[in-house]
Amino acid sequence: MLTILNHPITYYNNKVIRPVPFVSVSSQSLKNKEFTLGQDYTITLTGTIVTNRGSPAYATGNTSAIFLSSTDSNSDVGATTVNKLDVGRAILMKQNALRELFGYDGIRIKITSFKSNAITLMADVSTESITFDPGSYQNTCTYTIVLKATHLLGANGKILGEGLQGNSQEVDTNDPTRFRSLTATAVSTVAQERAEWGGFVEDYNEEWSVETDEGSGETGGPNGDDAFNYIPNTYIVTRTISATGRVVYDGTGPVKVEAWKEARKFIKKKLLTDTPINYPGYQGDATGYFANDILNLNLGYSAFDHTRTENINKQAGVVTITETWVLLKGLAASETYDLSVEASTDSPFVTVNINGTIAGHTALPATSDYYGGSNPNNTAVTNKAENALIKYFKVSNDGRYGVGSHIFKRAKAASAVNLNPQPLSISTSRNDFTGEISYSLQFDNRPRNIISQAMSETIQINDTYPGDLYAIIPVIGRPTGPVLQYIGGRTEYRRDITIELLFDYTNIDNFTPASYTETSTVKAESIKNLRAATTMTKPSLVEPVRKQLNNLIKALSPMAEPNIRKCFLNPPQENWTPREGRYSISLSWVYELKD
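The shown structure was predicted, so the numbers you read here are calculated from the model rather than taken from an experiment.

Q: What's the story with the overall build of the protein in this structure? I'm lost.
A: Looking only at helices and strands, the protein features eight helices and 28 strands. Taking contacts inside the protein between residues at least 6 apart in sequence as the whole, the part at least 24 apart equals 63%.

Q: Just checking my understanding: could you explain the packing of aromatic side chains for this structure?
A: The description of two aromatic rings rests on the distance between their centres and on the angle between their planes. Summed over the entire model, instances satisfying the criterion amount to eight aromatic pairs. Seen in terms of ring centroids, Tyr370 and Tyr371 are 5.1 Å apart; in terms of plane orientation they differ by 80 degrees. Their pairing is edge-to-face. Classification of Tyr370 as partly exposed rests on a relative accessible area of 39%. Connected via pairs of aromatic rings, a cluster forms that spans Tyr465, Tyr493 and Tyr591.

Q: Explain the environment of Lys412 to me, please; I cannot follow it from the model alone.
A: Here Lys412 lies in helix α6 (residues 406-413). Its relative accessible area of 39% is what places Lys412 among the partly exposed residues. For the pair Lys412 and Val352, spaced 60 residues apart in sequence, the C-alpha to C-alpha distance is 8.1 Å. Discounting residues that sit within four places of it in the chain, Lys412 has contacts with Asn418 and Leu419.

Q: What should I look at first to understand the environment of Phe568 in this one?
A: For Phe568, the location among the structural elements is in strand β26 (residues 564-569). Each C-alpha atom of the pair Phe568 and Trp589 lies 5.5 Å from the other, and the pair is 21 residues apart in sequence. Setting aside chain neighbours within four positions, we find Phe568 in contact with Ser588, Trp589 and Val590.

Q: Just checking my understanding: could you explain the pattern of salt bridges for this structure?
A: Where charged atoms from two side chains of opposite charge come close, those side chains can pair. Throughout the structure, instances matching the rule amount to 20 salt bridges. Residue Glu310 is joined to Arg264 by a salt bridge in which the shortest nitrogen-to-oxygen separation is 2.5 Å. Taken together, the positions of Glu310 in strand β16 (residues 302-313) and Arg264 in helix α3 (residues 259-271) put the pair 46 residues apart, joining distant regions of the chain. Here Glu310 falls in the partly exposed class, since its relative accessible area comes to 41%. The exposure class assigned to Arg264 is partly exposed, which follows from its relative accessible area of 39%. Residues Arg495 and Glu561 are paired through a salt bridge, measuring 3.1 Å at the closest nitrogen-oxygen approach. Taken together, the residues span a long stretch of sequence, with Arg495 in strand β25 (residues 493-502) and Glu561 in the loop between α8 (545-556) and β26 at a distance of 66 residues.

Q: Explanation requested: unusual backbone geometry in the structure shown.
A: Most of the time, phi is negative for any residue but glycine, and the peptide bond is trans. For the peptide bond that leads from Arg18 to Pro19, omega is 0 degrees, which places it in the cis range. Topologically, Pro19 is positioned in the loop between β2 (15-16) and β3 (22-31). That bond from Ser55 to Pro56 is cis: its omega, 15 degrees, falls within 30 degrees of zero. In this structure, Pro56 sits in the loop between β4 (36-50) and α1 (87-101).

Q: In this structure, what is going on with the confidence of the model for the protein? I would like to understand it.
A: Low pLDDT means the predicted atomic positions in that stretch should not be read closely. Of the residues in the protein, 81% reach a pLDDT of 70 or more, and the chain-wide mean stands at 82. Throughout residues 274-289 the model reports pLDDT below 50, and contacts reaching past four residues in sequence, or to other chains, amount to 35 contacts. Contacts from residues 510-518, a stretch scored under 50 in pLDDT, to residues over four places away or in other chains number 14 contacts.

Q: In this structure, what is going on with the pairing of strand β28 (residues 582-593)? I would like to understand it.
A: For a regular strand, side-chain orientation follows a simple rule: the groups alternate between the two sheet faces. Pairing analysis gives ten bridges linking β25 to β28, with the strands arranged antiparallel. Looking across to β28, one finds that Thr498 is bridged to Ser586. Pairing of β26 with β28, which is carried by five bridges, proceeds in the antiparallel orientation. Looking at the pairing, Lys566 lines up with Glu592 of β28. Bridging between strand β27 (residues 573-577) and β28 involves five bridges; their strand directions are antiparallel. Bridge pairing in β28 links Thr577 to Arg582. Counted along the chain from β27 to the antiparallel partner β28, the turn is four residues long, and its residue Gly581 has a positive phi close to 75 degrees.

Q: Would you explain the nonpolar core in this entry?
A: If you look at soluble globular proteins, the nonpolar side chains tend to sit buried side by side. Ranked by internal contacts, the top residues of the largest apolar core, which has 31 residues, are Ile17, Ile43, Leu98, Phe102, Ile109, Val125 and Leu147. Among the secondary structure elements, those contributing two or more residues to this core are β1 (2-6), β4, α1, β5 (107-112), β6 (119-132) and β7 (140-153).

Q: What am I meant to see in the sheet that holds strand β20 (residues 425-431) here?
A: Neighbouring strands of a sheet are bound in pairs by backbone hydrogen bonds; such pairs are parallel or else antiparallel. As summarised here, the arrangement of the four strands in space is β18-β19-β21-β20, forming an open sheet in which the pairing is antiparallel. Only two strands of the sheet have a single neighbouring strand rather than two, namely β18 (333-342) and β20. Between one strand axis and the next, the sheet turns through 10 degrees on average, direction left out of account. This element, helix α5 (residues 384-395), spans β18, β19 (351-360), β20 and β21 (436-444) of the sheet and lies at about 150 degrees to β19. Against the sheet, α6 makes contact with β18, β19 and β21, and its axis sits at roughly 50 degrees relative to β21, the strand it touches most.

Definitions and cut-offs
- Residues numbered from 1 in each chain as written.
- Predicted model: local features only at pLDDT ≥ 70, side-chain atom pairs only at ≥ 80, totals over all residues.
- Heavy atoms only, no water.
- Helix = DSSP H or I, 4+ residues; strand = E, 2+ residues; numbered from the N terminus.
- Contact = heavy atoms within 4.5 Å.
- Phe/Tyr/Trp six-rings, centres within 6.5 Å; stacked < 30°, edge-to-face > 60°.
- Buried < 20%, exposed > 50% of the residue type's maximum accessible area, 1.4 Å probe, protein only.
- Salt bridge = Lys/Arg side-chain N within 4 Å of Asp/Glu carboxyl O.
- pLDDT = per-residue confidence, 0-100.
- Pairing = 2+ DSSP bridges.
- Core = buried A, V, L, I, M, F, W, Y, C linked by side-chain atoms within 4.5 Å.
- Axes fitted to C-alpha atoms, helices over the stretch in contact; angles between N-to-C directions.

Structure follows, in structure tokens:
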């Protein structure tokens, strides 16, 4: 006997179809090379409508047929005798009743033995098709109803064993030569299956791909200390997970769960938790084979920049998750740079330009709350911007550049001259959202600075040698101009020097006094501090610049020349702009040589 247990229209509850249709159940196994996904069941009802018998029953004059209860003593007879004029109408009304009965997905049916309530099986079904065979409809009408179910239930409401997900005999880990035996404990309800596997799916797929990113490379070696050790590319690993869910009905509710939700929960439960979040790992992790044996990468690679995107097709019930990682062997940052060398006849110096980009990477997973996820941040793991800055400090000698920086070493190696380690120009840009730092520097082979702390220095020497002493005597009306008369003498020797220096103003103590109440004591102290921050920071007063400047002036003075008899210094002139770090000094000597 076939009984309808639940239905959106309540008066169908526990109703029967009589004559009882023939029932056939076929199934198709759902599995892939890795996993058993259960069964797809097709239940076919083949029955006959009888004009004046059975359920649904038809009463003369009614506009519809009704289904009788399985306990109704009149369930096998018509409500009234159908006259010949109402035969066709009765069959059509019963057809409508069957269409309406199976016009809702998710109804639960039960199949019992004849004259018994012992349940053989139950199923929560959806209707695939209802077909009424053509005929004269005098006394009977045959029909075929095709139903679909994701699982069959026993009398206890638990899924029959063949329909369980993961229902396969796997090797016993305690004894690899034997298979596990399936036991009754494996049988579960629909709710238990969903809790175990996340959801019902009819298929899923997991693909891995790896590609090289030639636009990004690693520099500096494993510790970042070698300016010329580099790997010209990084690796990008992509994992794509796709699952097609099944619409699940649980008649105990009754509950309907959409297919895309089943697929999404299955992915989250069984696929996204099967390995560490930074898969593939390489520090002794069991998943290291992915890099070692397949990609032939050396040990030591780690995964960074985990991203995850989700795509949902609700109508198809398909959910796709795409994850990507960047594989790096050294520091958590990649770097690219380019070099150019310039020389021209209008400049005495060779110029080297170096431009680079540093991209920071992070081991923080996509689910980290740093990105708005629910997983707390690991305070020991730095983000992209922080790692880019660490790498920048490595290659730039903590931002001081000079002979110890990787950037200078690379520029020097690209030219055939000895470069000045102090850059001619520096330009940097930083994007903390993308974790990128760009730099552009220019070096040339100008001599090194004599004043070590100066960013730039200009030294100009002007020597004036003796010339004739003569008188210019104007003559009125003389067409050839004035009369020049030698007066028997020579002019003096003269030397003028100008030294211009530029310092990093951040190294100058630019004291800014705090707000204060105007009292004589506080005012005097403030003036004292302002003087210390301006006048007293003049390079000619501060060591070691003072000593270096004095030595330079002594070297440029005519007193260092041979055969000097007398030498006199005109009033020196200093210019100091403490807020910009600009300093200049001008000196002038006149001197006399020995005879």
